[in-house]
Amino acid sequence: MPYYPSRKITIIAQDPSIQVGGKIVRTQIEIPNEELEPGPRGYRVQVVDYDSTTNTLYKTVPRPPNHSDDLPADPFATMTDAQLLASPDFHAMNVYAIVMRTLSRFEFALGRRVAWSFQGHQIQVAPHAFADANAFYSPDDQALMFGYFPKVKTKGYVFGCLAHDVIAHETTHALLDGLRERFTDPSSPEQAGFHEGFADIVAILSVFSMRDVVAKVLDPTGRRVMMNASNVTLKALRESILTGLAEQFGEELSGIRGNALRRSVTLLPGQDYLHDPEFEEPHRRGEVLVAAIINVFLEVWVARMQPYIHPDKTLDRKRAVEEGAEVADHLLTICVRAIDYCPPTDLEFCDFASALLTSDWEMYPKDLKYRFREQLYKSFNAYGIVPTSKGEREPGTWDPPPQGDKDHRVVYDRTHFEEMKCDYDEVFRFIWENRRAFKLSEEAYTRVQSVRPCVRVGDDGFTLRETVVEYIQQLTIRASELKRLKIEKPEGMPKDLQVTLYGGNAMIFDQYGRLKYNVGNSIFNAERQSRRMKYLWQYGFFKPGASKMRRFASMHRKRMSGWGQAGGAAVADWTAHEEQVEQPQECD
Amino acid sequence: MAKIQVKKSAVTAAKKVTAKKAASKKTPAKKVAAKPAAGKGPVKLTLRAYNVGFGDCFLLTFEYPKFKRRILIDYGSTAAPKNADDDYMMAIAKDIEAQCTDADGVARLDAVVATHRHRDHISGFSTEGDNTGGVIARMNPGLVIQPWTEDPEAQPKADEATATTFTGGKPDAKAFIASLHNMNRMAGAIAEASRDEHLGLSTKMASQMGFLGDNNLPNKSAVVNLMEMGKKGRAAYVNAGSKSGLEPVLPGVTVHVLGPPNLKQTQSIKKEKDRDANEFWQFAAFWQFQAAAGESVDLKVPLFPAAEAHEVHAIPANVRWFVGRAQKIRGEQLMELVRSLDTAMNNTSVILLFQVGGKSFLFPGDAQIENWQFALSQEPVKEMLKSVDVYKVGHHGSLNATPKSLWALFEHKHETPAPDRLTTVVSTKPGKHGSVQSHTEVPRSTLVAELQKESEYFSTQDLLKSQICKEYEFEL
Ligand SMILES: [Zn+2]
Ligand SMILES: [Zn+2]
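Only a predicted model underlies this, so the values are computations on that prediction, with no experimental measurement involved.

**What to know about the overall build of chain B**
And then number 1: Looking only at helices and strands, chain B features 14 helices and 14 strands.
And then number 2: Burial analysis of chain B (476 residues in total) assigns 61% to the buried set.
And then number 3: Intrachain contacts of chain B at a sequence separation of at least 6 include 75% that bridge at least 24 residues.
And then number 4: Accessible surface, chain B as shown: approximately 18700 Å² in total, 53% of it carbon and sulfur.

In structure tokens form, the structure reads like this:
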């Protein structure tokens, strides 16, 4: 019997409110094929259709059950919209398929298996977890929870599990948390905003990589063949995304997510957002990153369509759609890949910018097809995000690491690279042997956090073998000792308060075991450490019992329900009475 | 600052109260510049802080040479004082009536302030049950003061409250008030859910959730009674900076309304101007969705009634762990929701500052930091707050209703007894709200410690069963 590695399955392309000609826009996606248990429950994703509001556990069976490696049919392709909406089986399959697709996109981009953030291989997904305008990733419960709630103006329900962007967003939280566990540490408004921003970027690009969605943007009626060249300018595209898609996103689902898409096309380049106090709030800051990336998507898309414009100023709509979806897909890949090139602690947008430029450079050193890097570099700067690295080879990309100074050369001959690809202790030895060349803090606790060999494949079939290692350094000292490290002690911080400094690097080895990059933030970077201390002190993170970071659930909720709530400064105000910043959960 | 004789005593419920003479009047109050026409003001203010358990009820009696004026600030309870008789609220109504009775045998209450629509502040105005609200109404309060959010003119119609289309327009009062109504609706659903056994809530958590849910129910009878009393006399729906309506009632007394801010005022202190419309829309939509979600779901009927489901007792072993977790998450989510709507409602509280005879009395209801922010952004207001002599501790002593920036302004704080030492009084009952473990218990121990250290502090929880209230007398 032949083995089919992938199967096709019908999903709702974005959400049921996105329609053409009165019909929900659907699409078929390809996901890994596997023998599913009822749920569906597979090797990475387990759907448990339990509704805690009504205390109901549905018996969901994948139809038809594929108890073999056969190529299963796509049973939902022929069902009517009304049938799809009324079928818990379809809901379960839709959410399963999109979580699997998001996981596959990460695995493809990174060129290896990608683990969830928790111990355990299978994430639990509850498609109708509660009657509530909410959806979130809960690491403690190893789960993605999607709510449902009645429509306000018409009959029927809004389902989080039928919204592509919501599912991709939550799945991204679960994957990013697994890739970079320190990104949820309190550090700076940028690190706090990154999780949300990155999840939005993946969600939006994932939706735009669906041809049917792009087609809907360019032609709401679904009937036209040719389109006018005046519709493929940057301005026109922003406008049609806004009216053709973003408004409807807002219509039903803003109760869950706000409207990231709308914000991303209305925050225009050319303003120094990051120095505007208005953008100090983490979510707002995250939106700047999203807008910068979506701006690149639009720029490249517009550029790619130019050759297809006929002398009569028209172009083939289908061509335009394909270009859009392809650009989104490519951009999605390099954005995900960029995570490997990010420092493991205290991330700022400028680091992500360098990481993204580098990830593209590694894969497409010539950059002829899309001219992405040019646009990325331009766009980041236009949004005030200046890449951390100047870039000796190309603007903004990380530089190869110095091979040490004359007293301390980087040494390779005391370790074996074959071992280093899987053995944490061997990698640690390499780091230890080179602690002087790498200018590490010798007093800090140092630990290898991950070792990940990968084989990355480009659009052109080119493969790139790399091994990605993360290590972190952690140093707990008294506030009075900060001075010794030239770090400014925040005003009012007691001398004997214990503070922990973090540093850490991502090391990228090439296939021969030579170090290509060694990027990170050092404990000795006094400027950054001072900034971090000041921020954390100001926002009360050093008070005993202060929580790590607001849980994803309440982060989303806060965004929605928080109008009229005090901002950070005011919160810091009354916490002076108090030990903590965030109201913790009730637990007995 | 004038030296003022302050006499405080706990008053027993049993005996009729006789006016207490101040021990001496050797130091007449100095007039401050702000005080209007000398001789027209009151000579004494009596403040009674009733023991309503968890709730607020304060009676202010201003004694003028020839008459008295009485103001009732809040009258509600959600949890009886310990060992209280069943009719403790009626006993308080009767005591208020006695206090308000003039020599001619007629009980006269001049004004009622309902700081916000929480049950623990207005339940006594209800005309249901033993009809304590009727006792108050009989005294014909000529003025009812409530926050602008209660203005009947600004109320959305029933269909607007449940099915308004939020189009992302500018913040508007009706949409905001609709959100408050939606919170009331959601509270009902949450109070209901707190009794759901399958959510596996601990007894403590279920009772907290039920408590907060109940406190945020619509309180229809009390709301209607307040509105009717307002119609009969005058009604003032106030916001920061507006007139209190007390001007003719209290000659020689200046009353400042410091909160709640209206929408414009709230926005004026926000940095994020361009986002307001959007955020406002999200806020309104959020509560609309929540209320709809909470109400629409009949707990007995599953979302897909036709779909096959497992029997409750036959949940497969491989998903039992997750089902348990999902139930727990739901409990936590509901708790979080009910807390945030409780906060939003608290922030509609009227904040009143009375200035009389060189003394200042501050009554902030349950206002939390978000309400206070506007007042605290105004320099002249900050200036006035410095000289507060009596502070009704906000929100039953919760941690987030006495902003540190407010507390820091008070200049009459002293660690040791002093003639002009700040008086603080809190009406509260422990064990009802928040938890010690999460440092959110009400009253909050760290705040109480600070109040005890720096001021003449009293909590109604320390009243004995035989004491109906704590009485203060201030010579003016
Ligand atoms: Zn209260
Ligand atoms: Zn309240």
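**Focus: the coordination of the zinc ion (ligand 2)**
Residues and elements named next belong to chain B.
And then number 1: Around the zinc ion (ligand 2), the protein contributes the donor atoms H116 (NE2), H118 (ND1), N346 (OD1) and D366 (OD), which lie 1.9 to 2.4 Å from the metal centre.
And then number 2: Seen from the zinc ion (ligand 2), its 4 donor atoms lie at angles of 83 to 163 degrees, and the figure they make is irregular.
And then number 3: Mapped onto the polypeptide sequence, the residues donating to the zinc ion (ligand 2) form the spacing pattern H-x1-H-x227-N-x19-D.
And then number 4: Separation of the zinc ion (ligand 2) from the zinc ion (ligand 1) amounts to 3.4 Å, with D366 serving as a shared donor to the pair.

**Concerning the confidence of the model for chain B**
Residues and elements named next belong to chain B.
And then number 1: Looking at chain B as a whole, its pLDDT mean stands at 85, while 86% of the residues score no less than 70.
And then number 2: Note on residues 13-37: pLDDT under 50 across the span, and 33 contacts to partners over four residues away in sequence or across chains.
And then number 3: The model gives residues 162-166 a pLDDT under 50, and that stretch makes 13 contacts with residues more than four places away or in other chains.
And then number 4: Among the scores for the predicted complex, ipTM is 0.84 and pTM is 0.84.

**Some points on unusual backbone geometry**
And then number 1: For the bond running from A:G39 to A:P40, omega is -5 degrees, close enough to zero to count as cis.
And then number 2: Cis geometry is found at the peptide bond from B:V442 to B:P443, where omega equals -5 degrees.
And then number 3: Looking at the element boundaries, B:P443 is found in the loop between strand 12 (423-426) and helix 14 (445-454).
And then number 4: The backbone of A:N55 shows a phi angle near 55 degrees, a positive value even though the residue is not glycine.
And then number 5: With respect to the helices and strands, the residue A:N55 is situated in the loop between strand 6 (50-51) and strand 7 (56-57).
And then number 6: Phi is positive for A:K486, close to 65 degrees, though the residue is something other than glycine.
And then number 7: The topology assignment puts A:K486 in the loop between strand 15 (463-478) and strand 16 (498-509).

**A short note on the pattern of salt bridges**
All names here are of chain A.
And then number 1: Scanning all chains against the criterion turns up 51 salt bridges over all chains.
And then number 2: Of the charged contacts in the structure, one is a salt bridge between E287 and R284, with a shortest N-O distance of 3.5 Å. Here E287 pairs with R284, and both are found in helix 8 (residues 282-305), just 3 residues apart, close to one helical turn.

**Focus: the coordination of the zinc ion (ligand 1)**
Residue and element names in this part refer to chain B.
And then number 1: Protein ligation of the zinc ion (ligand 1) involves D120 (OD), H121 (NE2), D366 (OD) and H396 (NE2), the donor distances falling in the range 2.0 to 2.1 Å.
And then number 2: For the zinc ion (ligand 1), the 4 donor atoms in the first shell make angles of 81 to 153 degrees at the metal, a pattern classed as irregular.
And then number 3: Its relative accessible area of 1% is what places D120 among the buried residues.

**Considerations on the domain arrangement of chain B**
Residue and element names in this part refer to chain B.
And then number 1: By the assigned domains, chain B splits into domain 1 (11-156 + 212-269 + 345-475) and domain 2 (158-211 + 273-297 + 314-344).
And then number 2: Across the domain 1/domain 2 interface, buried area totals approximately 2700 Å², and carbon plus sulfur atoms make up 58% of it.
And then number 3: For the pair domain 1 and domain 2, the number of links is 0 salt bridges.
And then number 4: Of all the secondary-structure elements, those providing two or more residues to the side of domain 1 that touches domain 2 are helix 6 (203-215), helix 8 (263-268) and helix 10 (317-346).
And then number 5: By residue number, the principal contributor to the side of domain 1 that touches domain 2 is helix 6, which donates 4 residues.
And then number 6: Taken together, the residues that form the side of domain 1 that touches domain 2 break down as 10 nonpolar, 17 polar and 5 charged.

Calculation notes
Residues numbered from 1 in each chain as written. Chains lettered and ligands numbered in written order. Predicted model: local features only at pLDDT ≥ 70, side-chain atom pairs only at ≥ 80, totals over all residues. Heavy atoms only, no water. Helix = DSSP H or I, 4+ residues; strand = E, 2+ residues; numbered from the N terminus. Buried < 20%, exposed > 50% of the residue type's maximum accessible area, 1.4 Å probe, protein only. Contact = heavy atoms within 4.5 Å. Areas by Shrake-Rupley, 256 points an atom, 1.4 Å probe, with all protein chains shown as cover. Donors = N, O, S within 2.8 Å, 3.2 Å for Na, K, Ca; no water. Tetrahedral: all angles 85-135°; square planar, octahedral: opposite > 155°, others 65-115°. pLDDT = per-residue confidence, 0-100. Salt bridge = Lys/Arg side-chain N within 4 Å of Asp/Glu carboxyl O. Domains from an automatic or database assignment. Buried area = accessible area lost by both parts, 1.4 Å probe. Nonpolar A, V, L, I, M, F, W, Y, C, P; charged D, E, K, R; others polar.

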